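Examining the three-dimensional arrangement
Here is how the chains run, residue by residue.
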Amino acid sequence: MSCASALSHARTSIVLGRRNTVHAHRRSSVVSRATTEKTSTPMKLAFLGCGIMGVPMAKNLIAAGHDVTVWNRTESATKPVVEAGATLAKTASEAARAADVVFVMVSTPEAALAVAHAAKEGLSSGKGYVDVSTVDAGTSRAIAEVVRSTGAEFLEAPVSGSKKPAEDGALIFLCAGDEGLYTRCTDPLDVMGKAHFFLGDVGQGAKMKLVVNMIMGSMMGAFAEGLTLADKSDLSQETLLQVISLGAIASPMFALKGPSMVAGNYPPAFPLKHQQKDMRLAIALADELAQDMPVAAAANELYKRARRDGCDDEDFSAVLKAVKK
Ligand SMILES: NC(=O)C1=CN([C@@H]2O[C@H](COP(=O)(O)OP(=O)(O)OC[C@H]3O[C@@H](n4cnc5c(N)ncnc54)[C@H](OP(=O)(O)O)[C@@H]3O)[C@@H](O)[C@H]2O)C=CC1
Ligand SMILES: O=CCCC(=O)O
């Protein structure tokens, strides 16, 4: 077990975790995993949603020794998780009944709310429901209401990080809601992620996630325009990637996606339809707050065009195709 050390910001409370560094700032706190150690106290968990993200997340929970019951709307998608050792449930409520804490990772706000209603019958006092899908704050509050009406606790915990971080247990969880449940979930969050923040009341995690993805979507739009402009200017795109990698705008995202974009490949890690959903939800949040977002709004138009052109299930970097057009 590694030693935990304390870091502090001004006027912060400091908590030393079992194997973590914990530092708090105002109403939010962040926990960063200080080790790759995967020890855990086995918990009875359910995992609902076996898409690109759900499968590796559930498999990591199983690999860490948790007892996982799995459900997915389309049963065939549960196969890799069942093969890894999960118990298959026929319905969301059956999965929820079998577990102490339920994790949910589905596509859209509508899907997340539908799953909460479907799981409701299996929830009761003493249980926890953690929705890690990317949704808007209003939907998250609606899910919280459904969950809490059963006596169960609710945590929203959308994630930053894509398919590879999900496989590597290196996601970043943006949590808000019932703090007792957050504390109870320390081990599963450590298994699936490299850091977790607690941001306060339900909605704050959802909003943080939308802000981050709005920035990411705008960055990708600008990157796609840069690659296209370089090409049309008789500049090598590979050289552009090298220049970017050495300067102030270097980013893991450009380094990861750039070479495949130059090659015209867009294997789906983060589907473009989900990025456009997140741009739409972030813009709606800005609308509520009467904030101008001209850059994000322009980027959103590119994603909408790419969707119309059939790029829904390609990686969001396929926005390059809309720019080129
Ligand atoms: N991919 C990524 O890099 C990241 C994605 N996210 C977010 O995580 C969530 C999941 O993403 P990802 O795994 O990529 O998505 P996928 O499109 O791969 O999977 C979507 C999942 O949602 C399920 N689903 C869709 N509609 C319903 C419904 N009405 N009822 C029940 N289940 C439904 C699907 O079930 P079925 O198999 O039956 O269709 C599937 O399990 C999204 O909110 C996304 O924005 C967050 C961070 C990174
Ligand atoms: O919501 C998707 C996030 C993808 C990422 O953080 O790389």
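Residues numbered from 1 in each chain as written. Chains lettered and ligands numbered in written order. Predicted model: local features only at pLDDT ≥ 70, side-chain atom pairs only at ≥ 80, totals over all residues.

1. Things to note about the site of ligand 1
Close to ligand 1 lie 25 residues, the nearest being G51, R73, T74, S162 and F270. When residues in the shell around ligand 1 are grouped by element, the largest group, three residues, is from helix α4 (residues 109-119). Across the shell around ligand 1, the residue classes tally to 13 nonpolar, 10 polar and two charged. Of the residues that make up the shell around ligand 1, three or more belong to each of domain 1 (38-200) and domain 2 (207-324). (Near = placed C-beta within 6 Å. Helix = DSSP H or I, 4+ residues; strand = E, 2+ residues; numbered from the N terminus. Nonpolar A, V, L, I, M, F, W, Y, C, P; charged D, E, K, R; others polar. Domains from an automatic or database assignment.)

2. Side note on unusual backbone geometry
Positive phi, close to 60 degrees, is recorded for D234, a residue that is not glycine. Examined against the element boundaries, D234 turns out to sit in the loop between α9 (204-232) and α10 (237-246). Positive phi, close to 55 degrees, is recorded for A290, a residue that is not glycine. Looking at the secondary structure, you find A290 in the loop between α12 (272-288) and α13 (294-308).

3. A closer look at the domain arrangement of the chain
Bring the parts together and some accessible area is lost; that lost area is often taken as the interface size. What the domain assignment lists for the chain is domain 1 (38-200) and domain 2 (207-324). Measuring from the centre of the C-alpha atoms in domain 1 to the corresponding centre in domain 2 gives 28 Å.

4. Here's the deal with the packing of α9 against helix α11 (residues 252-262)
At a minimum axis distance of 12 Å, the contact between α9 and α11 shows a crossing angle of 45 degrees. With respect to each other, α9 and α11 are oriented oblique. The element α9 and its partner α11 pack so that their crossing is right-handed. Along its contact with α9, which presents M216, M219, F223 and L227, the element α11 presents M253, F254, M261 and V262. A per-class count over the contact of α9 with α11 returns eight nonpolar, no polar and no charged. (Axes fitted to C-alpha atoms, helices over the stretch in contact; angles between N-to-C directions. Parallel < 35°, antiparallel > 145°, perpendicular 65-115°, else oblique. Left-handed = near helix turned anticlockwise from the far one by under 90°. Contact = placed C-beta atoms within 7 Å.)

5. Quick notes on the pairing of strand β4 (residues 44-48)
The buried fraction of β4 is high, at four of five residues. Examined bridge by bridge, β4 and strand β5 (residues 67-71) share five bridges and lie parallel to one another. In the sheet register, F47 faces β5, and the bridge partner there is V70. Inspection of the sheet shows β4 paired to strand β7 (residues 101-104) by four bridges, in the parallel sense. The partner of L45 across the bridge, within β7, is V101. (Buried ≥ 20, exposed ≤ 12 C-beta atoms within 10 Å, placed from the backbone. Pairing = 2+ DSSP bridges.)

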